[in-house]
Amino acid sequence: MSDAPEVKPPARPVVTPVRVVIALCLLAPFAAMLWVGSYAKTDPAFIGIPFFYWYQMAWVLISTALTATAYVLWQRDQRARTSEARSGGAAQ
């Protein structure tokens, strides 16, 4: 046995641009709903529904789209990391 440490390929960084986008997709609905002052009003009404209500309902749909986007991006990232690990870290 030699005392030389085993040389490993450099690990892929944990924080990547894709993961930042995923985080933003998941945090945007929270930020929008926690900032109550931005939507605590009645105007503009949409088909007779006060802004306060239709804004929140719109965020239900927006949140669904953002969560689905985050999920797809996460799956792609995991597949890329798995295939990279199997190939020995050669792909970057």
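In short, a report on the structure. Residue positions are given per chain, counting from 1 as you read along its sequence in written order. Reporting of local features is limited, given that this is a predicted model, to residues whose pLDDT is at least 70; pairs of side-chain atoms are given and counted only at 80 or more, and all residues count toward the totals for whole chains, interfaces and linings. Hydrogens and water are ignored here; the side-chain numbers use all heavy atoms of the structure.

What follows is about the overall build of the protein chain. When you go through the protein chain residue by residue, the secondary structure sums to two helices and zero strands. Working rule for contacts: check all heavy atoms of both residues, and any pair within 4.5 Å makes them a contact. Contacts in the protein chain between residues at least 24 apart in sequence constitute 55% of all its contacts with a sequence separation of at least 6. In this description, accessible areas are obtained by the Shrake-Rupley approach with a 1.4 Å probe, and a residue is regarded as covered only by the protein chains that are shown. As displayed, the protein chain has an accessible area near 7,300 Å², and 70% of this comes from carbon and sulfur atoms. Only runs of H or I of at least four residues qualify as helices and only runs of E of at least two qualify as strands under DSSP, and these elements are numbered from the N terminus.

A word on the packing of aromatic side chains. Two aromatic rings from Phe, Tyr or Trp, using only the six-membered ring of Trp, form a pair when their centres are within 6.5 Å; if the ring planes differ by under 30 degrees the pair is stacked, by over 60 it is edge-to-face, and anything between is tilted. The full count for this structure, using the stated rule, is seven aromatic pairs. Between the aromatic rings of Phe46 and Trp54, the centroid separation amounts to 5.8 Å while the plane-to-plane angle is 55°, which identifies the pairing as tilted. Ring centres of Tyr55 and Trp59 lie 6.4 Å apart, and the angle between their planes is 65°; on these two criteria the pair is classed as edge-to-face. You can see Tyr55 and its partner Trp59 sitting in helix H2 (residues 51-86), four residues apart, about one turn around the helix. Looking at Trp59, the relative accessible area reads 15%, which means it is buried. A connected cluster of aromatic rings, assembled from ring pairs, spans Tyr39, Phe46, Phe51, Phe52, Tyr53, Trp54, Tyr55 and Trp59. Only protein chains enter the accessibility calculation, which uses a 1.4 Å probe; a residue whose area is less than 20% of its type maximum is buried, one above 50% is exposed, and one in between is partly exposed.

Let us now look at a nonpolar patch on the surface. A grouping of Val14, Val15, Val20 and Leu24 is seen on the molecular surface, where their side chains present a nonpolar patch of about 400 Å² in accessible area. Here Leu24 is to be found in helix H1 (residues 17-34). Patches were defined on residues exceeding 30% relative accessible area and lacking a salt bridge, with like-charge contacts within 9 Å and nonpolar side-chain contacts (Val, Leu, Ile, Met, Phe, Trp, Tyr) within 5 Å. Take a side-chain nitrogen of Lys or Arg and a carboxyl oxygen of Asp or Glu: if they are within 4 Å of each other, that pair is a salt bridge.

Moving on: the nonpolar core. We call a set of buried residues a nonpolar core when its members are Ala, Val, Leu, Ile, Met, Phe, Trp, Tyr or Cys and they connect through side-chain atoms within 4.5 Å of each other. The biggest cluster of nonpolar side chains holds five residues, and these are Ala32, Tyr39, Phe51, Tyr55 and Trp59. Take this core: its biggest share by element is three residues, from H2. Among all residues touching Trp59, those that are not within four sequence positions of it are Ala28, Pro29, Ala32, Met33 and Leu66.

Time to look at the pattern of salt bridges. Per the stated rule, a full pass over the model turns up two salt bridges. Notably, a salt bridge pairs Arg19 with Asp77, separated by 2.9 Å at the nearest N-O pair. Placement of Arg19 in helix H1 and of Asp77 in helix H2 is noted, with a sequence separation of 58 residues between them. With its nearest N and O atoms 3.3 Å apart, the salt bridge here joins Asp77 to Arg81.

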